[in-house]
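Summary of structural features
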Amino acid sequence: MPEGPSIVLLKEETIQFTGRKVLAVSGNTQTIEKERLLNKKVLEFKSWGKHFLICFNGFTVRIHFLLFGSYTINTPKENRVPRLYLRFTNGEIFFYACSVRILEGDVNDYYDWSGDVLNDAWDPKKAKEKIKAIPKALICDTLLNQEIFAGVGNIIKNEVLYRVGVHPESKNGKIPGIKMNKIIYEARNYSFDFLNWKRQYVLRKNWLAHAKTVCQKCGGRIIKKHTGLNSRRSFFCTKDQKLYV
Ligand SMILES: [Zn+2]
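Here the residue index of a chain counts from 1 through its sequence in written order. At least 70 in pLDDT is required for a residue's local features to be given in this predicted model, at least 80 for side-chain atom pairs to be given and counted, and no such filter applies to totals for whole chains, interfaces and linings, which use all residues. To get the side-chain values, take all heavy atoms of the structure and skip hydrogens and water.

1. Section: the sheet that holds strand S3 (residues 51–56)
DSSP bridges decide pairing: two strands pair if at least two such bridges lie between them. Segments assigned H or I by DSSP are reported as helices when at least four residues long, segments assigned E as strands when at least two residues long, and all are numbered from the N terminus. Pairing in this open sheet of four strands is antiparallel, and the strands run S2-S3-S4-S8 from one edge to the other. The open sheet has two free edges, formed respectively by strand S2 (44–48) and strand S8 (99–104), since each of these has just one partner strand. Averaged over all neighbouring strand pairs, the angle between strand axes comes to 25°, with direction disregarded. Here S3 runs beside strand S4 (residues 59–64); their pairing, made up of six bridges, is antiparallel. Pairing of His51 across the sheet is with His64, part of S4. Contacts: residue pairs with any heavy atoms within 4.5 Å of one another. Between N-to-C directions, angles cover 0 to 180 degrees, with each direction set by a line fitted to C-alpha atoms, over the stretch in contact for helices. Sheet strands touched by helix H1 (residues 4–14): S2 and S3. Its angle to S2, the strand with the most contacts, is close to 175°.

Next up, the structure:
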């Protein structure tokens, strides 16, 4: 699943289509009346967490990549029917296996931009308030909660917890305030590292815990375990990551 930084990269790649009219539209989406986009001008591309937003006058197309979604620009994937395809005078976008919806009216009415870790409006204090309200939740679930940390996905979760030395099955209410501040800080900070590394095609090389078997800090074993409500894969070192319960 693409995490927030990947959607920011998509936004950068599509900026060339800003202000351009949709000259052709197709795809197997059943959820929107795609012909509505024809001859309409894209005002802006935005992102909120893992949502990619194509803003038109009066409505917005929301693309959510879910687990297996992907996109290509100018080069279609072989033998794959796109969910949505848009052609402009200067290029084309193909979206695959994603959820497509239309948001009517002002896109700002749908999103709290201060909840997106990559947005300039990101507000760490708000995140802290939301976490305080769920003291019994596990930090591994909390970091993946898009209502608190929009854009954070499983890789970011694992790397943030390794950086700050907190075990993924720690309970929010038991984590010292200073540690929680570090987690909130790193959720944004690491997301920008992720973005920059991905831009340079060196993201995987920089993983310290995710998909690793040996701990870089102590040389011990990195544990792989499905944790939390959604049983997502966690990678962690029990020596370097403290369990607060
Ligand atoms: Zn270790």
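Next comes the rest of the account.
2. Thoughts on the packing of helix H2 (residues 124–132) against helix H5 (residues 177–199)
Between H2 and H5, the least distance of the axes is 10 Å, while the angle of their chain directions is 125°. On the basis of the axis angle, H2 is oblique to H5. Note on packing geometry: the crossing formed by H2 with H5 is right-handed. Packed against H2, whose contacting residues are Pro124, Ala127, Lys128 and Ile131, the element H5 presents Gly177, Met180, Asn181 and Ile184 at the interface. When grouped by side-chain class, the residues that make up the contact of H2 with H5 number five nonpolar, two polar and one charged. By definition in this entry, angles of less than 35 degrees are roughly parallel, angles greater than 145 are roughly antiparallel, angles of 65 to 115 are roughly perpendicular, and the rest are oblique. By definition, any crossing whose near helix is turned counterclockwise from its far helix by less than a right angle is left-handed, and any crossing with a clockwise turn is right-handed. Lys, Arg, Asp and Glu make up the charged group, whereas Ala, Val, Leu, Ile, Met, Phe, Trp, Tyr, Cys and Pro make up the nonpolar group; the residues left over, Gly among them, are polar.

3. Some thoughts on the sheet that holds strand S5 (residues 70–73)
Taken in spatial order, the four strands line up as S1-S6-S7-S5 in an open sheet, and their pairing is antiparallel. Lying at the two open borders of the sheet, with one neighbouring strand each, are strand S1 (24–26) and S5. Taking the axes of each pair of neighbouring strands and ignoring which way they run, one obtains an average angle of 10° across the sheet. Strand direction decides the pairing type here: S5 and strand S7 (residues 91–96), joined by four bridges, are antiparallel. Following the sheet pairing, Ile73 is matched in S7 by Ile93. Across the face of the sheet, H1 comes into contact with S5 and S7 while running at roughly 25° to S5.

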